[in-house]
Amino acid sequence: MNDSGNGKRILLLEIRSLKKYFPIEKGFFRKVVGNIKAVDGVNLSIKEGESLGLVGESGCGKTTLGRCILRAIEPTEGSIFFRLTDDKMVDLTSLGKKSLRAMRRYAQMIFQDPYSSLDPRMTVLDIIGEPLFVNNIAKGKELEDRVRELVKAVGLNVKHLKRYPHAFSGGQRQRIGIARALATGPKFIVADEPVSALDVSVQAEMLNLMQDLQEQFHLTYLFISHDLSVIEHISDRVAVMYVGKLMEMAETEELFLNPKNPYTEALLSALPKPDPDLKMERIILRGETPNPASPPSGCYFHTRCKYAKEICRRREPAWEEVTPEHFSACHFAKELQLTGVS
Ligand code: SF4
């Protein structure tokens, strides 16, 4: 873990007012008639060595946010400051193609689907070795040795380097994907639903592996998932997203025990309870998730929030620090007594 000398972790990434709008075009001249607001003014920071869990319902914009951070897709507006060295942060949104390619060594992605993310015509050696070759990191014998080390680190058998992806199980393929992401020696990894396509019995194994690798390779994770139990397992802090906006962010234990946003409370209420005597009523969210092309006025959650008042329909709540390091976007974050889980 990196530290600023006073016990505080230093910032690796700082995102300011990030937006990603996808234009809706119509007619022969493809006139822009609106926008799908997939990411709508997100501010967040990630410290070196931590895992920030990003959670929300499917379609809330979390994958788009992860891809924008790596500039796999171009953000519409905003800044993404990334620490390249101890005293240098660069705004990734200002980088040209060449600098961006050089930066990609340090920031990689692990994908959700271990079946479609690996080229079926390439061997394990080629898949993991490709980023080493393309980035001029290693060639020939040195490349092969490096691939062997990575294969061992992710718990695969080095005898299987010449095999093709179809010869492996889902969990093993995800290990290959992780080894490929580690090949260039990244500092930061966006893991997009890395366990959701896996059998439940393999999920915990994979999360433990990711935690071990984080320590071994000094990694920082943005861990994206729709599943709060998975997020709880791996995250130091959690950010909750709804229709392109952040609703809440805090340390994991604090967010689970003392949610400060009604949307988080509703998500927590749906978690399976370890103790059947624990009585926490599940909050059923009525209605559909709003369409990000025409979100509601005021607080986007007001159409489904059981605490909504007139002001929620009129005015968008500010993103505020409710208690130290605990942020929420809710007009009543300080007054509401919301129920968490222990
Ligand atoms: Fe609910 Fe209003 Fe808070 Fe939005 S601002 S979460 S509608 S109480």
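In this report, the structure presented in the accompanying data block is examined.

What counts as what
- Residues numbered from 1 in each chain as written.
- Predicted model: local features only at pLDDT ≥ 70, side-chain atom pairs only at ≥ 80, totals over all residues.
- Heavy atoms only, no water.
- Pairing = 2+ DSSP bridges.
- Helix = DSSP H or I, 4+ residues; strand = E, 2+ residues; numbered from the N terminus.
- Axes fitted to C-alpha atoms, helices over the stretch in contact; angles between N-to-C directions.
- Parallel < 35°, antiparallel > 145°, perpendicular 65-115°, else oblique.
- Left-handed = near helix turned anticlockwise from the far one by under 90°.
- Contact = heavy atoms within 4.5 Å.
- Nonpolar A, V, L, I, M, F, W, Y, C, P; charged D, E, K, R; others polar.
- Buried < 20%, exposed > 50% of the residue type's maximum accessible area, 1.4 Å probe, protein only.
- Polar contact = N/O pair within 3.5 Å; in protein donor to acceptor, adjacent residues only side chain to side chain.
- Core = buried A, V, L, I, M, F, W, Y, C linked by side-chain atoms within 4.5 Å.

1. Details of the sheet that holds strand 1 (residues 11-26)
Phase 1 of the analysis: The antiparallel open sheet is built from 4 strands, whose spatial order is 2-1-4-5. Every interior strand has two partners, whereas the edge strands, strand 2 (31-47) and strand 5 (88-91), have only one. Across the sheet, the mean angle separating the axes of adjacent strands is 25° when strand polarity is ignored.
Phase 2 of the analysis: Sheet topology places strand 1 next to strand 4 (residues 77-85); 5 bridges connect them, and they run antiparallel.

2. Details of unusual backbone geometry
Phase 1 of the analysis: Phi is positive for Ser-17, which is not a glycine, with a value near 45°.
Phase 2 of the analysis: Considering the arrangement of structural elements, one finds Ser-17 in strand 1.
Phase 3 of the analysis: Unusually for a residue other than glycine, Arg-30 sits at a positive phi of about 50°.
Phase 4 of the analysis: Along the chain, the position of Arg-30 falls in the loop between strand 1 and strand 2.

3. What about the packing of helix 3 (residues 124-134) against helix 5 (residues 170-182)?
Phase 1 of the analysis: The contact between helix 3 and helix 5 brings their axes to 7 Å, and the two run at 25°. When the axis of helix 3 is compared with that of helix 5, the two are roughly parallel. Crossing handedness for the pair helix 3 and helix 5: right-handed. Contact residues: helix 3 offers Val-124, Ile-127, Ile-128 and Pro-131, while helix 5 offers Ile-176, Ala-179 and Arg-180.
Phase 2 of the analysis: Grouping the amino acids of the contact of helix 3 with helix 5 by side-chain chemistry returns 6 nonpolar, no polar and 1 charged.

4. With respect to the environment of His-331
Phase 1 of the analysis: Tracing the backbone through its elements, the reader meets His-331 in the segment after strand 12 (326-328).
Phase 2 of the analysis: Note on His-331: relative accessible area 23%, which makes it partly exposed.
Phase 3 of the analysis: Sequence-wise, His-331 and Arg-315 are 16 residues apart; in three dimensions their C-alpha atoms are separated by 8.9 Å.
Phase 4 of the analysis: Beyond its immediate stretch of four places on either side in the chain, His-331 contacts Ile-311, Cys-312, Arg-315, Glu-316 and Pro-317.
Phase 5 of the analysis: A distance of 2.7 Å separates a polar side-chain atom of His-331 from the backbone oxygen of Arg-315.

5. Here's the deal with the side chain of Gln-174
Phase 1 of the analysis: In this fold, Gln-174 is placed in helix 5.
Phase 2 of the analysis: For Gln-174, a relative accessible area of 1% translates into the label buried.
Phase 3 of the analysis: With residues near it in sequence (within four places) discarded, Gln-174 still touches Ile-110, Phe-111, Gln-112, Pro-114, Pro-194, Leu-198 and Met-206.

6. As for the nonpolar core
Phase 1 of the analysis: In this structure, Ile-178 and Leu-213 are the most contacted members of the largest nonpolar core, which totals 58 residues.
Phase 2 of the analysis: Filtering out sequence-adjacent residues up to four positions away, Ile-178 remains in contact with Ile-110, Val-154, Met-206, Leu-209, Met-210 and Leu-213.
Phase 3 of the analysis: In this structure, Ile-15, Leu-54, Leu-70 and Met-241 belong to the second largest nonpolar core, which totals 32 residues.

7. Some details on helix 1 (residues 62-69)
Phase 1 of the analysis: The element helix 1 is largely enclosed, with a buried count of 6 among its 8 residues.
Phase 2 of the analysis: Regarding helix 1, the residues found buried are Lys-62, Thr-64, Leu-65, Gly-66, Cys-68 and Ile-69.
Phase 3 of the analysis: In the segment just after helix 1, Arg-71 is the residue with positive phi, at about 55°.

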